[in-house]
Amino acid sequence: MSSAADPSAPPPPAFEASDYSWLVGFEGDWRDTWWNRDFVELIARRLRLDEVRAAVDVGCGVGHWGRTLLPVLHGDATLVGVDREPSFVARAAAEAEACGVAARTSYREGLAEALPLPDASVDLATCQTVLMHVADPLRVLREMRRVLRPGGLLLAVEPNNFAEKATALVTAPGLSRADRLALLELEAICQDGKRALGQGDSSVGERLPGLLREAGLGDLHVCQSDKCAALIPPYDTPAEREELRQVLAWIDGGIWLGTGGTRDQTHAWYLAGGGDPAQFERLWAIAMQEARAGKQAALARTLDGARGVTFYLVSGRKPA
């Protein structure tokens, strides 16, 4: 939560383009703001993560999630990060070196559907916002189960972006009730379209318990993150400023904060989801109206809201 502003502190950043025009999602510390440390420690106690001595972070990106978990694993634990993007693998290794955990981490190229690890080789197989991007999440979960030792833990962290969009619309400025409902319709159709095109399920978090059960995991545990991406003017905390920089970077990049896609991407998902072609331009105009009004409010320091984030943490164990 935001603390009271310090009169002696420097003023909030001006949010000029040069302040936040970085790579979407993988520059800055945005992903490091997703978790409260005491919540991670609570999950670690519940799931006995201090017993983990070998872990794999599937679809690791530049390593945020693995580095979040590493402090709550066994003191001698090692972690392997796997990602298909060579640039992410290189960046993750560099970040691990900078954070002083290079001796306990390694990173390699590989697919989530074909992990470059032997059978029964790790105590923990985990992923964060990965299953939402794959065509067949069950296949990935079965591959993660393969590399688990008997009794090992699979922990998946995935969102429900439809629910998140609905909560964001509550405080979105400049929209009528009809506009809010229209944007929810656009979001729903595009999520159907992404699934139809084999490009992932942005709300797969809701399906995780059933998917883990189908993948052969037992002792299921389901909870939600306690973190809320609050924006409270004048945005005087690092987390709020990081959230705003990320949101403004998306807006300036022509990316709608609902689907997470450009106009062309959203159009393709909309058509694949069975949307009426004659209605798309009207819906996209409303989406851009929302984006412009949100940016204007942020720059004026009037954008205010709890910005609920629906992150599910679902775990299961491989039978001993």
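The shown structure was predicted, so the numbers you read here are calculated from the model rather than taken from an experiment.

Calculation notes
- Residues numbered from 1 in each chain as written.
- Predicted model: local features only at pLDDT ≥ 70, side-chain atom pairs only at ≥ 80, totals over all residues.
- Heavy atoms only, no water.
- Helix = DSSP H or I, 4+ residues; strand = E, 2+ residues; numbered from the N terminus.
- Rg over C-alpha atoms; globule rule 2.2 N^0.38 Å.
- Buried < 20%, exposed > 50% of the residue type's maximum accessible area, 1.4 Å probe, protein only.
- Contact = heavy atoms within 4.5 Å.
- UniProt positions renumbered as here; feature names shortened; annotations may be inferred.
- Pairing = 2+ DSSP bridges.
- Axes fitted to C-alpha atoms, helices over the stretch in contact; angles between N-to-C directions.
- Salt bridge = Lys/Arg side-chain N within 4 Å of Asp/Glu carboxyl O.

### Side note on the overall build of the protein
Move 1: Helix and strand counts for the protein stand at eleven helices and seven strands.
Move 2: Expected size for 320 residues packed as a compact globule is a radius of gyration near 20 Å; at 20 Å, the protein falls within 12% of this value.
Move 3: Looking at the protein as a whole, 50% of its 320 residues are labelled buried.
Move 4: Sequence separation of 24 or more characterises 81% of the internal contacts of the protein that already satisfy a separation of 6 or more.

### Looking at the environment of L73
Move 1: Counting through the fold element by element, L73 comes out in the loop between α3 (64–69) and β2 (78–83).
Move 2: For the pair formed by L73 and E41, sequence separation is 32 residues and the distance between their alpha carbons is 9.8 Å.
Move 3: Setting aside residues up to four positions removed in sequence, L73 forms contacts with L49, D50, V52, A55 and L124.

### Quick look at helix α5 (residues 137–147)
Move 1: Those residues of α5 that sit buried are P137, L138, V140, L141, E143, M144 and V147.
Move 2: For α5, the secondary structure elements touched by its buried residues are β1 (54–58), β4 (122–128), β5 (148–159) and α8 (208–214).

### Examining unusual backbone geometry
Move 1: P233 connects to P234 through a cis peptide bond whose omega is 10 degrees.
Move 2: In this fold, P234 is placed in the loop between β6 (218–224) and α9 (238–252).
Move 3: At A120, a position not held by glycine, the phi torsion is positive, near 50 degrees.
Move 4: The topology assignment puts A120 in the loop between β3 (105–109) and β4.

### Regarding the UniProt feature "domain: Methyltransferase type" (unreviewed entry) in the protein
Move 1: Per the UniProt annotation, the sites labelled "domain: Methyltransferase type" (unreviewed entry) are residues 56–155.
Move 2: In residues 56–155, the share of helix is 31% and the share of strand is 29%. The end C-alpha atoms are 10 Å apart.

### With respect to the sheet that holds strand β7 (residues 311–317)
Move 1: An order of β3-β2-β1-β4-β5-β7-β6 is seen for the seven strands of this open sheet, with the pairing classed as mixed. This sheet does not close on itself; its edge strands, each paired only once, are β3 and β6. Adjacent strand axes in the sheet meet at a mean angle of 15 degrees, parallel and antiparallel pairs treated alike.
Move 2: With five bridges joining them, β2 and β3 adopt parallel strand pairing. Opposite D83, over in β3, you have E109 as the bridge partner.
Move 3: Across the sheet, helix α4 (residues 86–99) touches β2 and β3, and the angle it forms with β3 is around 170 degrees.

### Considering the side chain of T266
Move 1: Its place among the elements puts T266 in helix α10 (residues 263–272).
Move 2: By relative accessible area, which is 0% here, T266 ends up buried.
Move 3: Excluding anything up to four places from it in sequence, T266 contacts L186, C190, T259, G261, F280 and W284.

### Describing the pattern of salt bridges
Working definition: two side chains of opposite charge can pair if their charged atoms are close together.
Move 1: With the rule as written, the count across this model stands at 15 salt bridges.
Move 2: Here E143 makes a salt bridge to R146, at a shortest N to O gap of 2.7 Å. Taken together, the positions of E143 and R146, both in helix α5 and three residues apart, correspond to about one turn of that helix.
Move 3: A relative accessible area of 11% means that E143 is categorised as buried.

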